[in-house]
Every structure is written in structure tokens, then in C-alpha cells.
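Coordinates in review
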Amino acid sequence: MQRMITPKWQVFLESLAGILKMSFVAVSPAGEIQAVYNPKPPFSLLAGYPLLERAYRGFFKEIAAHYKPELEGRLIADPLGLPAVVLSLREEAYLVLGGCFTQRDHAYLAALQSRLQSLGVSQDNRIWLQMTFLSASDLSSTAEHIRVIYRHLCRTLDETTELGQQMLLLAAVEEINKLMVESLNPAKFNLERILDLVVSSLVILSDVAGAWAFVCQDPGKTLGCYRGQCTDLLGHLQEAWEAVAAGCADPVRPFLSFCKTKIPTGLSVEMETLQLKEASACLGVIAGGSLSAGSALTAFARQLAIALEVASLYEFAQQRFGMLYNSIAHGLIVTNMRGEILLINDQAISILAVQGISLSIGSSLRNSGFYRPIERAIDNVLESGCSYIHQRAILGRNDRVQHIRWDVLPFISDQGAISGAMLLMEDITEQIAFFQAVRDWERLAAAGEVAAGLAHEIRNPLATAKAAIQLYDIVGDQSKQAELLHRLDTELERMNEILTSFLETTMSTGNERMEPLYPGNLLCDLEALLREEANINEIELVFDLPEDPLPPVLGDPAALKQVFLNIARNAFEAMAEGGRLIISLARSGNRLQIMFCDNGPGIPEEIMLNITRPFFTTKLGGTGLGLSFSSSILNTMGGELQIESLPREGTTVKIMLPCYEREA
Amino acid sequence: MSGKREDVIIRGDLVDKVDVVVIDDDAGVRWVLQELFSMADISCMHAESGHEGIQLVSKYRPPLAIVDIKLGAMNGLEVARCIYRECKQIKILFITGYSETIEGKVDEDLPVIGILEKPFNIGEVLQQVKSVLNQAKGSAERPVAFG
């Protein structure tokens, strides 16, 4: 098959033809005519004259077959006896330059005419008139000129080739960098791998088709080839590498330290290595032929130094961030869009550990058996970008019980897209236990206070009863004895009443039955009873309940009824001379407000201070438990009792209860 | 009960001499002490509040007042101070439902003869009351000899 002139030489020959304005032929190494440039006779006549063509083809084949370097630039005679110069373009082609010495030498022209005639070209054509006229010295100097241009061009092309290979090397470096950047991507988050690659590995670059390989510092660990066909080399490379690694174990040597190692392969490559700062690791480049191993290695080292800097910076940031996120009290888990863990701090690990679950970076909370609502929350957050704030959970059983407060929030990128989820968990088990203890303590303290009051209240009837029994023996009068017995019965009944009230106060805090209830409905239930009592006391009772439905509150309906009764009865008792009680219900923000507003005598300031204390009473025969009981009931429902009073104008008892909003 | 109270006060108005004023907010206690004293022939007036009690003391100037430490609106210790201001020769016997001491709470110059803890023994009450009344009688019979 005919070998074609490669495009880059075609460009070269065309520009040559432009400069020379003379006809020349490019001949393949096999002697075939490749192209005729500046077609003039005799080269332009070949197609039309078979004899002439055959003669010239023979001539070119002869040149290709017997070309010797000595022929280069020397004048030879072509089949028409015209002068020609042969130039070799290495293995690519031969150039044959042709021309004619003179148009005036008749003897010369006559010889030419007879040769043309013998090769089948008519003498009428006077083709010599179209030929390029050159002196012998002109032809020689033209040939020399072409050879200079050619050599220059070749050198330039060689340099370009070398440059191309360097570009290839840099492309490989870029690729390594990309690999590192990828490793630095939080989604992979594998600092170990980056450092392995950057610090602990020998990178070998080959100029053969850009193949490169790396081997870990631990010689037996990894030996990989990433591109090209360098498998044959690897055995030798490993030996050489082990030797180099053994020689540069000093960890504090300066950044660059070259050493050359010959690798005994048939490819006669040379390896240069350099040591990286503060790491007993080497970079190596195997180079052959025209590749400048040193410059490639320097470029590569520069790239790696940057990568190393970035990596150490990253490690630093990582450590600082690690300190930060491990120092917060919350368990923190960050996931990517697939729900895989990118980050998990010590607190989160220990919360999970209590539940017997071990999760690490890259694993998923999904189906880990941790806690379904949290798993679902993460899925929902990733899907819709919603947030879960201040959620409560009780995890595990028996000795593994954990009270958790948790949040799941989406990570939103600058572009507004969801890029992951963040789970915050707070172990509030101890807090819960603490608050439970505080509540118990408060209840005990209240019980102590109540018990002291109880002692006094019980001792009054007790004193009377005991004295009555003692008097019974002394008095002889039967009617007096009957009176004493009656008195005894009354006092015992009083003791029973006091104990019942006492139990109501103390038991109500321990026996919470909480359910959604509507205070308006409770007031309606009580209306008939209250109206009857109001009538007896000559009191006008006004109910001011809204028609619009109000949200429910959470509480014990029986206890709340008791509270309403207590407060209404207090008002009735306060208004011994008659008056008006307005009971109203309204919403105030996220609370319901129930007001008992009377126009009685009001409460003196010194009494206001003690009014809700157990056994505090100003009433004759009162136990002092009514308001104390009411206040403690309301506290368990998250509400409060406020009493405002103006002397001679009246008293307003205000009950505030938080609305119970069902979770949307 | 209120009818009975008025009855006593009327009866008190009739007598010219009162031995004991009982101040206690508990009707049962007042009643039982009243019964006890009437059997022992001790004339007694009683009040359910400190305010009322002070009025009785200033009117009848009895040798003894029995005061409940815990009264509804007014503290028994306060009541005792007022009584003493009204009537310097009076003696005071506290009664209490709490197991408490009054040391440090009572002014030292108050003539407190003791604290009765509820429930009390009527024999002891009578004994204490009689001893105070006897002392008072003695000092009343023997004119003040110094001047």
C-alpha cells in the first residue's frame, strides 16, 4: 500500500513550493511519486507521455533504492539529461528538484529535443520554454537552503513533541489532583486515602503514552498501574522503590532531594525520586528518550506540594472542626442526600451505643433499628426540606431507657437545593431524672408543709374530743353526757373532713389523669349547681361564655370542676351581703383565660401573700386547703392561678391554662 | 353556735369578775374549755379572734388569758403582746396544735406561764389555771405593801 505523506510534511512541502517557485517531486521511500509541486515540465508532462513517465518512475525508484547520504545535495542527471538534486526527508520521503540550465545553448537544446523525441514527446512543443532556468550553483544553494529549513523544522517539531509529552504529564498530574479533590469532597471524606496518595505513595510517570503508576510507601501494600502498559516495569520499579524508600527514611530532610536510580529494564528508563517534606516518602518519575524527567518531576512536586498544603490545611480544619463538634453537648449526625452519614460526633456515637447500635461514616441510619420516627424524619427532610424541631423520644427499655430531645434540619445549598440532613440529639435522661427528683422534693416539701397544717387542724378537734371524753367521766348529768357524746361525734366528723381535703390536695399531684377537655363545657355542667348556691346567698351569677368554639386544654376534668367550684364558693362566701359574680371564658394568645370576677369586699394585702398556702385560712372553720388545692391542680395542668383584688371593689380570680394543640 | 356565744357574752356582762379569757378560733376548743371551767367554778369569757379577745381583756382585766398561738388573721403572739399592754398583771397560757417551742419568738418580759399542747389533759389545764388564780387571789388579798 502506498504510504501517504503525513499532513505535517505536506504543509511543509507546500510552504516550500511557495518559497521556491520551482517544480519538484515528493517521492515515497519505496520510490513512488507522492506529489508534484509547482508542476512544470518535465514533471508536469508525465501523465500524458507513457514513455517519459516510465523513464522517470524508473529514475525515482533508482534513487529510493540506492540513496546514500553522500548523494544529498549533489547534482545528478535525470532521464532527459536535465540537472536534479535529491534531498532526504528522513524516512518520510525524498525530494527531487528539477530544472534546466539554459534556453539559449542550442547544442544543449538539440540534445534535449532528441531525448524528448525518443521518449515520445513531440519537438513542436518547445517545452523547455516552460522550464525553470537555474545555474548549477543556484540549484546547489537552493538544495542547501531547503536542508537548513528542514533541519530547523525537525528540531522545532522534536521540541514540540517533547512539549506535548510534558503537557501529557501535566495532564496526568491534573488527573491526580482531580483524584485528590475528589477525595477531599465531603461526600467521600476520607482523609486517610488522600494522605496515602499524597504523602505515602511513590508516583511514577512514564513518557510512554502518558502511563503512570503509583506504589505505596509500604512496598508490599499497593502497586498499581493507572494507565498505559507498564506492567512489565512494575517488578523492577518495586525493587528500585524499596531501595529508595530505605535510603530516605530521615523524616526531616528538606522538601526536594533528587536521586537517580537506573532501572534495569530493556526500555532503559531512568527514575528520579524526590523526598517530600516531613514524610519519608518519595515521588518518582521514570523517564526515557526525550522526556525531561527533572522538569516533569518539579512540576509534579509543585502540584503535590499544593495538594499537600491543602490536605494539611484540611486536616487542621478537620481537627478544629472535630474539636468543635465533639465539644458540643448534642449528638450530631450529618447525612448526604442518600441518607449516608458524612459526619458523626462522639456524643451521637455514645447515644447510639447505649441502644447497642454502632454507626460510622458512610453507613446509614435507615434500617439500623435505631428509632423509626427519626429515620422517617430524615427521609422526609431529604425529600421535602421540612424541619423537625424539639421532638421528644424515649428510646430503649429497662436499663437502656434514654430520653432524647431531637431535631432534624435540612442542609440547604447556596442554590437553595437540599444537600443533606442534620440530626441533633440531646440526651435529657439525666435532666428528666433531675426534674423528677425536684418535683418529688417539691411535693415532699409541700406535703411537709401540708402535714404541719394538718397536725394543727387535726389537733383542734382532737383536743376537743379528748377533753370531751375526760369530761364525760366527771359530769354526772345525763343530758350533759349526751351533749358531750354529740360533740365528740361532731369533732370526729371534722377530723374526717380535714383528712379528705388533705388527701385531695396531695393525691391530685400524684394521680394525674390528663385528657383534652373544654373548660366551657365544664362550666356549663356546673351552671345549675352554682346558680342554686348563688340564689341562696342572694348573689347574681353571670356566665360570659363565647359562642365560638375554643381549643381544648389538657387536664383532669373532675379536678378542674373542683377548682371552679372552690373559687366560685370562695366568692359566694366573700359576698355575705350579696353581690354579683361574673364567670367568663376567653382566649388569650395560646392560653385560655377563665375569670371569676366578684364585687365583694376584696382581699387585704397581707392575706394575698399567703392565700394559696395550704391551711392558710381566714374563714371560721375553714381548712385553708381550697386555694392551695386549686393552685396545685392548675400547676399540674401547666396553668396558673392569679388573684387580683381591690379592697371594697372586689376580687378577680384568673385561671390561665395552655391550649392543647394537636400536632399538625 | 353564734347564739351560744352571745349567750356567754351576756352572761359575762352579768358577772363582775372574770377569771379566764380564752382566745381560740376553734369553736370546739372554746366550748370544751368553757365546760371545764364552769364545772370547776371558774368564770370564763371566750373570743374567737384576737381582736375580740383584746377587747374582753381590756374590759374585764382577768388574771389569766389562754391564747391559741395560731389564730386566723392575727398571730397569737401578737395578741399576747397587746393583751399585756392592756393589762400588766395578766398571765398568759398559750395553747398550740403544733409541736413547737416559742423560745426566742416571745418577748422575755411577757408573763407567759406555759404552753399547752393540743390535745391537752383537762386535769393539767385545771391545775395550771387554778395555780395562777390562787397566786392572783393571794396578791389581791394582800395589799401591796411597798410604795
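Please read these numbers as outputs of a predicted model, since none were measured by experiment.

Focus: the pairing of strand E2 (residues 44–47) of chain B
All names here are of chain B. Where burial is concerned, the two faces of E2 agree: the one with Cys 44 and His 46 and the one with Met 45 and Ala 47 are both buried. As defined by bridge partners, strand E1 (residues 20–23) adjoins E2 across 4 bridges and the pair is classed as parallel. Counterpart to Val 22 in the pairing with E2 is His 46. The β-α-β motif built from E1, the intervening helix H2 (residues 27–39) and the parallel element E2 has right-handed crossover chirality.

Observations regarding empty space enclosed by the protein
All names here are of chain A. Tallied over the full model, the rule gives 4 cavities of 30 Å³ or more. Roughly 50 Å³ of volume is contained in the largest cavity. Every residue along the wall of the largest cavity is listed here: Thr 335, Gly 339, Ser 364, Leu 365, Arg 366, Glu 375, Ile 378 and Asp 379. Tallying contributions element by element places helix H9 (residues 372–384) first for the lining of the largest cavity, with 3 residues. For the lining of the largest cavity, the residue count by class is 2 nonpolar, 3 polar and 3 charged.

Topic: the sheet that holds E2 of chain B
All names here are of chain B. Pairing within the open sheet is parallel, and its 5 strands lie in the order E2-E1-E3-E4-E5. In this open sheet, the two strands that pair with only one neighbour each are E2 and strand E5 (112–117). Averaged over all pairs of adjacent strands, the angle between their axes in this sheet comes to 20°, without regard to strand direction. The sheet contacts of H2 involve E1, E2, strand E3 (64–68) and strand E4 (91–96), and relative to E2 the element is tilted by about 175°. In the packing of helix H4 (residues 76–86) onto the sheet, contacts are made with E1, E3 and E4, and the angle to E3 comes to roughly 160°.

Focus on the sheet that holds strand E22 (residues 640–646) of chain A
By way of backbone hydrogen bonds, the strands of a sheet pair with one another, either parallel or antiparallel. All names here are of chain A. On the basis of which strands lie adjacent, the open sheet formed by 5 strands has the order E18-E20-E21-E23-E22 and mixed pairing. Unpaired on one side and paired on the other, strand E18 (539–544) and E22 mark the two borders of the sheet. Across this sheet, the average inter-strand angle for adjacent strands is 15°, counted without regard to direction. In terms of strand pairing, strand E21 (residues 591–598) meets strand E23 (residues 650–658) through 7 bridges, oriented antiparallel. Across the sheet, the residue bridging to Cys 597 is Thr 652, located in E23. Packed on one face of the sheet, helix H12 (residues 519–536) meets E18, strand E20 (579–588) and E21 and runs near 170° to E18.

Considering the side chain of Ser 645 of chain A
Residues and elements named next belong to chain A. Note on placement: Ser 645 falls in strand E22. By relative accessible area, Ser 645 is classed as buried at 18%. A distance of 2.6 Å separates the side chain of Ser 645 from the backbone nitrogen of Ile 603, its partner in a polar contact. Of note is the side chain of Ser 645, whose polar atom sits 3.0 Å from the side chain of Thr 651.

With respect to the pattern of salt bridges
Residue and element names in this part refer to chain A. By the definition in use, this model includes 21 salt bridges over all chains. Lys 561 is the partner of Asp 525 in a salt bridge, and the nearest nitrogen-oxygen pair spans 3.7 Å. On the criterion of sequence distance, the pair formed by Asp 525 in helix H12 and Lys 561 in helix H13 (residues 557–574) is long-range, its members being 36 residues apart. Looking at Asp 525, the relative accessible area reads 52%, which means it is exposed. What makes Lys 561 partly exposed here is its relative accessible area of 28%. Between Arg 591 and Glu 640 there is a salt bridge; the shortest N-O distance is 3.0 Å. Here Arg 591, found in strand E21, pairs with Glu 640, found in strand E22; they are 49 residues apart in sequence, far enough to count as distant. Within the structure, one salt-bridge network assembled from shared partners comprises Glu 32, Glu 53, Arg 57 and Lys 61.

Parameters and conventions
Residues numbered from 1 in each chain as written. Chains lettered and ligands numbered in written order. Predicted model: local features only at pLDDT ≥ 70, side-chain atom pairs only at ≥ 80, totals over all residues. Heavy atoms only, no water. Buried < 20%, exposed > 50% of the residue type's maximum accessible area, 1.4 Å probe, protein only. Helix = DSSP H or I, 4+ residues; strand = E, 2+ residues; numbered from the N terminus. Pairing = 2+ DSSP bridges. Right-handed = clockwise from strand over helix to strand, strands pointing away. 1 Å grid on protein atoms, 1.4 Å probe; cavity = no way out; pocket = protein on both sides within 12 Å on 5 of 7 lines; lining within 4 Å. Points joined across faces, edges and corners; volume = space filled by probe spheres on them. Nonpolar A, V, L, I, M, F, W, Y, C, P; charged D, E, K, R; others polar. Axes fitted to C-alpha atoms, helices over the stretch in contact; angles between N-to-C directions. Contact = heavy atoms within 4.5 Å. Polar contact = N/O pair within 3.5 Å; in protein donor to acceptor, adjacent residues only side chain to side chain. Salt bridge = Lys/Arg side-chain N within 4 Å of Asp/Glu carboxyl O.

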